[in-house]
Amino acid sequence: MIAGVSSGSGKTTITCSLLQSLLNRGRRPVSHKCGPDFIDTMFHRKVLGTPAGNLDSFFCGEEQIRYLLARQSEQGDISIIEGVMGYFDGIGMTSQASSFDIARVTKTPVLLVVNAKGMSGSLPAVVHGFLDYERKLGKQHPGICGVILNQLPAVLYPSVKEEVEKLGVKCFGYIPAQRELKLESRHLGLWTEQRDIKEKINRMADVMEETVDIQGILQLADSACPLEIDLENGFDGGDLLTGKDRKSRGKEKTVKLAVARDEAFSFIYPENIMLLEELGCEIQYFSPIHDKHLPSHCQGIILNGGYPELYGEQLSANQSMMKEIRDALNNGMPGLAECGGFLYLHEELENMEKQVFPMVGIIKGRAFYTGGLSRFGYIYLKGAQDEILKAHEFHYWDSENNGTQFQAVKASGTKRWETGHIIKNLYAGFPHLYYYGNIDFVKSFVEKAAELRERN
């Protein structure tokens, strides 16, 4: 795991550089992100070409997390887990959903990234504090095994390394300050289309090869404990179909789902797709921007999050696609629409320049730009029938019609509000759902799609 002292420590830069270095060495790395951030993993898949997924202990139990890590790791020969925020930062003042929590559950050795800008003699004190606090939490896993110093002048490294290693932890190297190699972001996260991005990451990897002990990191990874997981039968708990059940399903039971995926709808958890496939679904991707029609013979529609606000004109111009989606959902086809997909279903969508474009029209009212994060973080969704879903919100847009089907409660318990629509067989709202944390809800959606298949 590449963990940090805080957000902005350099975790993402060092993770991307390490992944690229491993690729250049002929390895097959798989990347994982702690927490619900789908943008970093999308960046890893699109720019670096590495398989990538999320590990989140708010959404998932410990057995689920180990199962997902094992499933994802099958695609490569080494797994790199990028932490979230600071190493111990979880929900409120707890370590739940923190990088520490994921490292504990998976018994993963940790490299702590310390931003050394403006420090020298204080660096060992920072490292000592993290090591001491980890011991106080009663760690039962490898824990922090090494340190990488970010933005440290080369001349300071020998003396800082000596002092840090007196604390009983290895210093694996440093990264000098590199302003020209900074990764650019836009309003929700890393920007995959930035100019010369692949060249920039390769240059960062070259720097890392010179200043970081890559071979030592590989040896540290080799020391990780084996994951004792039954991939054939899934995780324990009885809330997911077993491998035997999945194999016994015939093709006649397959449900076909139309899943939006293009420039405007790119926020897709690979684990969500994996669960749908385990539940017998055939995924048919389509583009609300470029395709004129929905995939034929589908029994459900999923409109994921993304950046529809950046493509309002193109989406609005595709009248045939909007009509087919509107007609299908109005006629009772099961649908899931999250965040960007929810924006798309409005009557109107406003972009950052205050231009307004007609959209699908299922949700009455306008979606508009707020200039800042409207709601952010983990939430529980409490429905009218006392069902509880786990979700998270992260968006700069808001709606004149957020819905009232659920009461959203911050996981920290500090705030609550009404949100979400249930219209016939459609769920639509800003909250993002991680399917492995809401298996019964996802099963219900698939069952509704199967019922439609049987009727047709």
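Above this text you will find the structure in question.
Residues numbered from 1 in each chain as written. Predicted model: local features only at pLDDT ≥ 70, side-chain atom pairs only at ≥ 80, totals over all residues. Heavy atoms only, no water.

**Some remarks on helix α14 (residues 439-455)**
No. 1: The end-to-end C-alpha distance of α14, which contains 17 residues, comes to 24 Å, matching closely the 24 Å that a straight helix rising 1.5 Å per residue would cover.
No. 2: What α14 keeps buried is the set I439, V442, F445, V446, A449 and L452. Looking straight down α14, one finds its buried side chains confined to an arc of 145°; they lie on one side. What points out from α14, more than 90 degrees from its buried face, is the exposed set D440, E454 and R455. (Helix = DSSP H or I, 4+ residues; strand = E, 2+ residues; numbered from the N terminus. Expected span 1.5 Å × (residues − 1). Buried < 20%, exposed > 50% of the residue type's maximum accessible area, 1.4 Å probe, protein only. Arc of directions from axis to C-beta.)

**With respect to the sheet that holds strand β23 (residues 426-429)**
No. 1: The sheet built from 6 strands is open, its strands ordered β11-β10-β12-β13-β23-β22 with mixed pairing. In this open sheet, the two strands that pair with only one neighbour each are β11 (281-286) and β22 (421-423). Averaged over all pairs of adjacent strands, the angle between their axes in this sheet comes to 15°, without regard to strand direction.
No. 2: Bridge count for strand β12 (residues 300-303) against strand β13 (residues 335-338) is 3 bridges, and the pairing is parallel. Looking across to β13, one finds that I302 is bridged to L336.
No. 3: Seen against the sheet, α14 touches β10 (255-260), β11, β12, β13 and β23 and runs at an angle of roughly 115° to β10. (Pairing = 2+ DSSP bridges. Axes fitted to C-alpha atoms, helices over the stretch in contact; angles between N-to-C directions. Contact = heavy atoms within 4.5 Å.)

**Remarks on the packing of aromatic side chains**
Geometrically, a pair of aromatic rings is defined through the distance of the ring centres and the angle of the planes.
No. 1: One pass over the structure, following the stated rule, counts 22 aromatic pairs.
No. 2: With centroids separated by 4.8 Å and ring planes inclined at 55°, the aromatic side chains of Y87 and F88 adopt a geometry described as tilted.
No. 3: Connected via pairs of aromatic rings, a cluster forms that spans F38, F58, F59, F267, Y269, Y307, Y378, Y380 and Y434.
No. 4: Against the face of F172 rests K170, its NZ or CZ located 4.6 Å from the ring centre.
No. 5: The positively charged end of R261 is found above the aromatic ring belonging to Y285, 3.6 Å away from the centroid. (Phe/Tyr/Trp six-rings, centres within 6.5 Å; stacked < 30°, edge-to-face > 60°. Lys NZ or Arg CZ within 6 Å of the ring centre and 35° of its normal.)

**Quick word on the nonpolar core**
No. 1: With 116 residues, the main nonpolar core has Y87, L149, L257, L276, I325, Y344 and L345 as its most contacted residues.
No. 2: Top contributing element to this core by residue count: α14, with 6 residues.
No. 3: In contact with L257, other than residues within four places in its own chain, are L276, C281, E282, I283, Q284, G300, I302, F445 and A449.
No. 4: Membership of the second largest hydrophobic core comes to 24 residues, among which are I2, V113, I201 and M208. (Core = buried A, V, L, I, M, F, W, Y, C linked by side-chain atoms within 4.5 Å.)

**Quick look at the pairing of strand β2 (residues 29-34)**
No. 1: In terms of burial, β2 is largely enclosed, as 6 of its 6 residues are buried.
No. 2: On β2, burial covers both faces: P29, S31 and K33 on one face and V30, H32 and C34 on the other are all buried.
No. 3: Bridging between β2 and strand β3 (residues 52-55) involves 4 bridges; their strand directions are parallel. In the strand pairing of β3, S31 is matched with A52.

**Here we look at the sheet that holds strand β17 (residues 375-383)**
No. 1: If you trace the 5 strands from one edge of the open sheet to the other, you get β21-β20-β17-β18-β24, paired in antiparallel fashion. Looking at which strands have only one partner, the edges of the open sheet turn out to be β21 (416-419) and β24 (432-433).
No. 2: Here β17 runs beside strand β18 (residues 388-395); their pairing, made up of 8 bridges, is antiparallel. Within β18, the residue paired with R375 across the bridge is H395.

**Brief notes about the pairing of strand β14 (residues 346-350)**
No. 1: Pairing of β14 with strand β16 (residues 363-369), which is carried by 3 bridges, proceeds in the parallel orientation. From the neighbouring strand, H346 faces β16, where its bridge partner is I363.
No. 2: Pairing of β14 with strand β15 (residues 356-358), which is carried by 3 bridges, proceeds in the antiparallel orientation. Bridge pairing in β15 places L349 opposite F357.
No. 3: The antiparallel hairpin formed by β14 and β15 contains 5 residues in its connecting segment, where K354 sits at a positive phi of about 70°.

**A closer look at the packing of helix α3 (residues 62-73) against helix α10 (residues 270-278)**
No. 1: One can describe the packing of α3 onto α10 by two numbers: an axis separation of 12 Å at closest approach and a directional angle of 95°. When the axis of α3 is compared with that of α10, the two are roughly perpendicular. Counted together, Y67, L68, R71 and Q72 of α3 and E271, M274 and E278 of α10 form the full contact between these two elements. (Parallel < 35°, antiparallel > 145°, perpendicular 65-115°, else oblique.)

**Here we look at the environment of E228**
No. 1: Here E228 is to be found in the loop between α8 (214-222) and α9 (243-248).
No. 2: The exposure class assigned to E228 is exposed, which follows from its relative accessible area of 76%.
No. 3: Taking the C-alpha atoms as reference points, E228 and E63, separated by 165 residues in sequence, lie 9.9 Å from one another.

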